[in-house]
Amino acid sequence: MAQSPEPDTTPHASRVPVWTPADWPCADAAAARRIAFVPMAEADLDAVHAVEKLAYTHPWTRKHLADSLTSGYPAVMLLGETLPGEAASPGRTDGRVLLGYLVAMPGVDEVHLLNITVAPAHQRQGWARFMLDALVLWSRGQGAQWLWLEVRQGNVPARALYESYGFVQVGLRRGYYPAGSFQREDAVVMSLSLAARGHGGEAP
Ligand SMILES: CC(C)(COP(=O)(O)OP(=O)(O)OC[C@H]1O[C@@H](n2cnc3c(N)ncnc32)[C@H](O)[C@@H]1OP(=O)(O)O)[C@@H](O)C(=O)NCCC(=O)NCCS
């Protein structure tokens, strides 16, 4: 996850296309429930931030999420229908479950993944990989050649996800993240070539 973003006032922000809601048939994990990608809106921020606080030791603030929307960054939620016996996520009036979300920032020929989060109750069911699949398709559609991201060096699940997906380490940012008690943690910089077949990436 990138450090929390500042509002982006550069011209590209207003031209970033919004991801439109779409039912998205999914293999494997999604087979049991219907899901949809829905653009994140101001009204969703309390629910998204509630998940953010559950998922991270150093979560984005609600303002960081709001600034991403203000900047026009593509931000989408992965929502699912409830399964029998399952409650809808707090604050959702449509009766759906917030499975996860991501925030990205388009660049000239790359897309920077700023945040990808799966709600703890729904982790290890393939949702992050599924969101990455969607991001890859969308990014290719924007003409992007690369996906970029930073991840805490000690974030074992996320690094395992990215490595298994084909991202490769291309750098290290020393002391990039706050780590509590005046400590800092390094960020591993990773990229994925969108030109490569499948998910296999090459370092630029
Ligand atoms: C990292 C995160 C997004 C993964 O989401 P997820 O939906 O559980 O991941 P998936 O089920 O799609 O897993 C895909 C692969 O990632 C790896 N992986 C995911 N979670 C893992 C874990 N806890 N331990 C080891 N490997 C893990 C595995 O290779 C997994 O494949 P497998 O299940 O076939 O072994 C999720 O743990 C999360 O939201 N964590 C907190 C927020 C965060 O750290 N985000 C990333 C910021 S850079």
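Model, not experiment: these values are computed from the prediction.

As a further point, take the site of the ligand. Close to the ligand lie 21 residues; Q123, A128, P157, A160 and L161 are nearest. Only β5 (110-118), α4 (127-141) and α5 (156-165) provide two or more residues apiece to the shell around the ligand. Looking at the shell around the ligand residue by residue, the class counts come to 13 nonpolar, 6 polar and 2 charged.

The next thing to look at is unusual backbone geometry. With a phi close to 65°, R124 is a non-glycine residue in the positive phi region. Relative to the elements of secondary structure, R124 occurs in the loop between β5 and α4. The residue F182 is not glycine, and still its phi comes out positive at about 60°. With respect to the helices, strands and loops of the structure, F182 is situated in the loop between β7 (168-178) and β8 (184-193). C-beta crowding within 10 Å serves as the criterion here: with 6 such atoms nearby, F182 is assigned to the exposed category.

Here the focus is the UniProt feature "binding site: acetyl-CoA" (unreviewed entry) in the protein. As annotated by UniProt and renumbered to match this structure, "binding site: acetyl-CoA" (unreviewed entry) occupies N155. With respect to the element layout, N155 can be found in the loop between β6 (146-152) and α5.

Next up on the list: the pairing of β5. Looking along a regular strand, one sees side chains alternate from face to face of the sheet. Of all 9 residues that make up β5, 8 are buried, and the element is covered over most of its length. Strand direction decides the pairing type here: strand β4 (residues 96-106) and β5, joined by 7 bridges, are antiparallel. Within β5, the residue paired with G100 across the bridge is V118. Connecting β4 to the antiparallel partner β5 that follows it, the hairpin turn spans 3 residues. Where β5 lies against β6, 4 bridges are found, and the strand directions are parallel.

We now examine the nonpolar core. By size, the foremost hydrophobic cluster in this structure holds 49 residues, and its most contacted members are L78, L99, L102, A104, L113, M131 and L147. Elements that contribute at least two residues to this core include exactly β2 (35-39), α2 (45-55), β3 (75-81), β4, β5, α4, β6 and β8. Of all the elements, β4 adds the most residues to this core, at 8 residues. Apart from residues no more than four positions distant in its own chain, L113 is found in contact with L102, A104, L135, L147, W148 and L149.

So, on to α4. The terminal C-alpha atoms of α4 lie 21 Å apart, and with 15 residues this matches the ideal 21 Å at 1.5 Å per residue to within 8%. Listed as buried for α4 are W127, A128, F130, M131, L132, L135 and S139.

Attention now goes to the environment of E110. Structurally, E110 can be placed in strand β5. Linking E110 and S193, residues 83 residues apart in sequence, is a C-alpha distance of 9.3 Å. Other than its neighbours up to four places away in sequence, E110 contacts A144, Q145, W146, L147 and W148.

Turning our eyes to something else, we now look at the packing of α2 against helix α3 (residues 62-70). The axes of two packed helices give the description: the angle between them and the distance between them. Remark: α2 packs on α3, axes separated minimally by 9 Å, with the N-to-C direction vectors making an angle of 130°. Taken together, the axis directions place α2 and α3 in an arrangement best described as oblique. Once α2 is placed against α3, the crossing between them reads as right-handed. Here L45, V48 and H49 of α2 lie close against α3, whose contacting residues are R62, L65 and A66. Across the contact of α2 with α3, the residue classes tally to 4 nonpolar, 1 polar and 1 charged.

The next point concerns the pairing of β7. With 7 bridges joining them, β7 and β8 adopt antiparallel strand pairing. By the bridge assignment for β8, P178 is matched with R184. In this antiparallel pair of consecutive strands, β7 and β8, the connection spans 5 residues, and G180 shows a positive phi of 85°.

About the cut-offs
- Residues numbered from 1 in each chain as written.
- Predicted model: local features only at pLDDT ≥ 70, side-chain atom pairs only at ≥ 80, totals over all residues.
- Near = placed C-beta within 6 Å.
- Helix = DSSP H or I, 4+ residues; strand = E, 2+ residues; numbered from the N terminus.
- Nonpolar A, V, L, I, M, F, W, Y, C, P; charged D, E, K, R; others polar.
- Buried ≥ 20, exposed ≤ 12 C-beta atoms within 10 Å, placed from the backbone.
- UniProt positions renumbered as here; feature names shortened; annotations may be inferred.
- Pairing = 2+ DSSP bridges.
- Core = buried A, V, L, I, M, F, W, Y, C linked by C-beta atoms within 7 Å.
- Contact = placed C-beta atoms within 7 Å.
- Expected span 1.5 Å × (residues − 1).
- Axes fitted to C-alpha atoms, helices over the stretch in contact; angles between N-to-C directions.
- Parallel < 35°, antiparallel > 145°, perpendicular 65-115°, else oblique.
- Left-handed = near helix turned anticlockwise from the far one by under 90°.

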